[in-house]
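As a plain string of letters, each chain reads:
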Amino acid sequence: MLKKVRLFTPGPTPLLPSAQLAMAAADIHHRTPEFRAIYQRVLSQLKEFIGTKNDVILLASSGTGAMEAAVSNLTSPGDRVLVLSAGKFGERWVSLAKAFGCEVDVVSVPYGQTFSIEEVRARNTPDVRVIFVQSTETSTGARHCIENIAALSRDSGALLVVDAITGLGTTHFDVDGWGIDVIIGGSQKAVMIPPGLAYCAVSDRAWQRMETSRSPRYYFDLRKERKSAAKGESAYTPAVALIAALGAALDYIAATSGGNIAQGRDALIHNAEVTAEMTRAALTAMGLKLFAPTAPASAVTAVLAPDGMDSGAIVKGFKEQFAGVLSNGQGEMKGQIFRVAHLGFFDYLDTIAMIGGLEQVLSQLRGRDLLGVGLKVAQQVYARRRGTSLAQLLEADQRCSCGRPAADCAATMATVSA
Ligand SMILES: *Cc1c(COP(=O)(O)O)cnc(C)c1O
């Protein structure tokens, strides 16, 4: 049979056709009025997508470049910082902060879990200058409650830096209301374009901190980028084609909701929530176990391979039989889990096809008839959820802002003083 190549990976994600066309047509010079118009428009669209009044900075780098920029612009050697680490991307914060000479204190939890707010509160001593965290830990499929963590950082005066590289477009944030000082996104995730752009929104508190921070920085000097952006330019040669693609993708997101980017973003989050829920229900019904069952993200679902099976066999079978690309686990999780993404350009048919393909592969590998088992419950989830909006979805299930059931979130995140 024919096989269409399809990515189900949590970055890079499938490309939006109109963004690909915009990219191909972007044969313009960056020091021209034509480019300045595009750049300014994309920066203001990004503000609406992120949901902030703060300045947004675009960088020609992968997401890690903006993570490095957050560390180098906000810290000085010897600063005490607190990293909340629950997986490979949390560990990246630790390495980055150490590379810039910070005194790094780490709150870590086992892979697949989220933090206890009591522990975060206890470790957030008055000398902590910056807290670094992921909103969704892509390596484990867990989500963390940023609203609760933000309440702690507001009280203590520490800056809060959130790697929302797979959180933006899959998770609800009130960036300005909660006081997130730096929130970071990347192009190859929910905004449906290729790798190569990172973006971040920076608060007034963070701009002030930069006036006194002493870590070395050059290419990733955010103050330089801010000055250039005010004139509609970037400090160095921008990734012109990717910026044109991003504009087309944000136009598409707006067009899904009557031209309103914020509503389009909420529809995209709802899409991720529903496709993730379909996937979790289906794979659980097929007898598989979720790797992050207590706080599963809507960005990506991580699933344990059945006992005695290497998860690579599932990834390989799915690729060979259907040309679909799943992700294996990262680091020590390799061979134990596989990951399926829901961020960006995945729809109902993609989700149903992915579940159907996994039924075939798992039936063969396990010598059991699983056909229709996952699809049945996925169909039921879709039928129940399809008419709702994000707000209705969160309210109907009494979910916390982070998307977890409010009761579960309250249990791990107990008693936060606002
Ligand atoms: C993809 C991703 C990154 C960025 O990785 P790059 O390869 O540098 O783009 C960082 N954090 C999380 C949580 C991610 O999912």
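Our subject in this report is the structure included herewith.

So, about the packing of helix 11 (residues 261–285) against helix 13 (residues 348–366). For the pair helix 11 and helix 13, the least separation of the axes is 10 Å and the interaxial angle reads 15°. Relative to helix 13, the element helix 11 lies roughly parallel. When you trace helix 11 past helix 13, the crossing you get is right-handed. Listed contacts from helix 13 to Thr275, Met278, Thr279, Ala282 and Leu283 of helix 11 are Tyr348, Thr351, Ile352, Met354, Ile355 and Leu358. Residue classes in the contact of helix 11 with helix 13 are distributed as eight nonpolar, three polar and no charged.

Right, let's talk about the packing of aromatic side chains for a bit. For the structure on display, the rule yields eleven aromatic pairs. Each ring, one from Trp93 and one from Phe132, has its centre 4.7 Å from the other, and the planes form 35°; the classification is tilted. Here Trp93, found in helix 4 (residues 88–99), pairs with Phe132, found in strand 5 (residues 128–134); they are 39 residues apart in sequence, far enough to count as distant. Taken individually, Trp93 and Phe132 each receive the classification buried, so the pair is uniform in this respect. Ring geometry for Tyr219 and Phe220: centres 5.0 Å apart, planes at 75°, overall edge-to-face. The class for Tyr219 is partly exposed, based on a relative accessible area of 32%.

On to the site of the ligand, then. Around the ligand there are 13 residues in total, and Ser62, Thr64, Thr138, Asp163 and Lys189 lie nearest to it. One of the backbone nitrogen or oxygen atoms of Gly63 is found 2.9 Å away from an oxygen atom of the ligand. At 2.8 Å, a side-chain N or O of Lys189 approaches an oxygen atom of the ligand. Here the ligand loses 88% of its free accessible area of 390 Å² to cover by the protein chains. Only helix 3 (63–74) and helix 4 provide two or more residues apiece to the shell around the ligand. A total of three residues in the shell around the ligand trace back to one element, the largest contributor, which is helix 3. Tallied by class, the residues present in the shell around the ligand amount to three nonpolar, seven polar and three charged.

Ranked by size, the top nonpolar core spans 87 residues in total, and within it Leu58, Phe338 and Leu358 carry the most contacts. With eleven residues, the top contributor of residues to this core is helix 10 (residues 240–255). Of the domains in this structure, domain 1 (17–255) and domain 2 (260–417) are the two that each give at least three residues to this core. Once residues within four sequence positions are removed from consideration, Phe338 is found in contact with Leu283, Leu288, Thr301, Ala302, Val303, Ser311, Ile314, Val315, Leu326, Ser327, Asn328 and Leu358.

Conventions used here
Residues numbered from 1 in each chain as written. Predicted model: local features only at pLDDT ≥ 70, side-chain atom pairs only at ≥ 80, totals over all residues. Heavy atoms only, no water. Axes fitted to C-alpha atoms, helices over the stretch in contact; angles between N-to-C directions. Helix = DSSP H or I, 4+ residues; strand = E, 2+ residues; numbered from the N terminus. Parallel < 35°, antiparallel > 145°, perpendicular 65-115°, else oblique. Left-handed = near helix turned anticlockwise from the far one by under 90°. Contact = heavy atoms within 4.5 Å. Nonpolar A, V, L, I, M, F, W, Y, C, P; charged D, E, K, R; others polar. Phe/Tyr/Trp six-rings, centres within 6.5 Å; stacked < 30°, edge-to-face > 60°. Buried < 20%, exposed > 50% of the residue type's maximum accessible area, 1.4 Å probe, protein only. Near = heavy atom within 4 Å. Polar contact = N/O pair within 3.5 Å; in protein donor to acceptor, adjacent residues only side chain to side chain. Areas by Shrake-Rupley, 256 points an atom, 1.4 Å probe, with all protein chains shown as cover. Core = buried A, V, L, I, M, F, W, Y, C linked by side-chain atoms within 4.5 Å. Domains from an automatic or database assignment.

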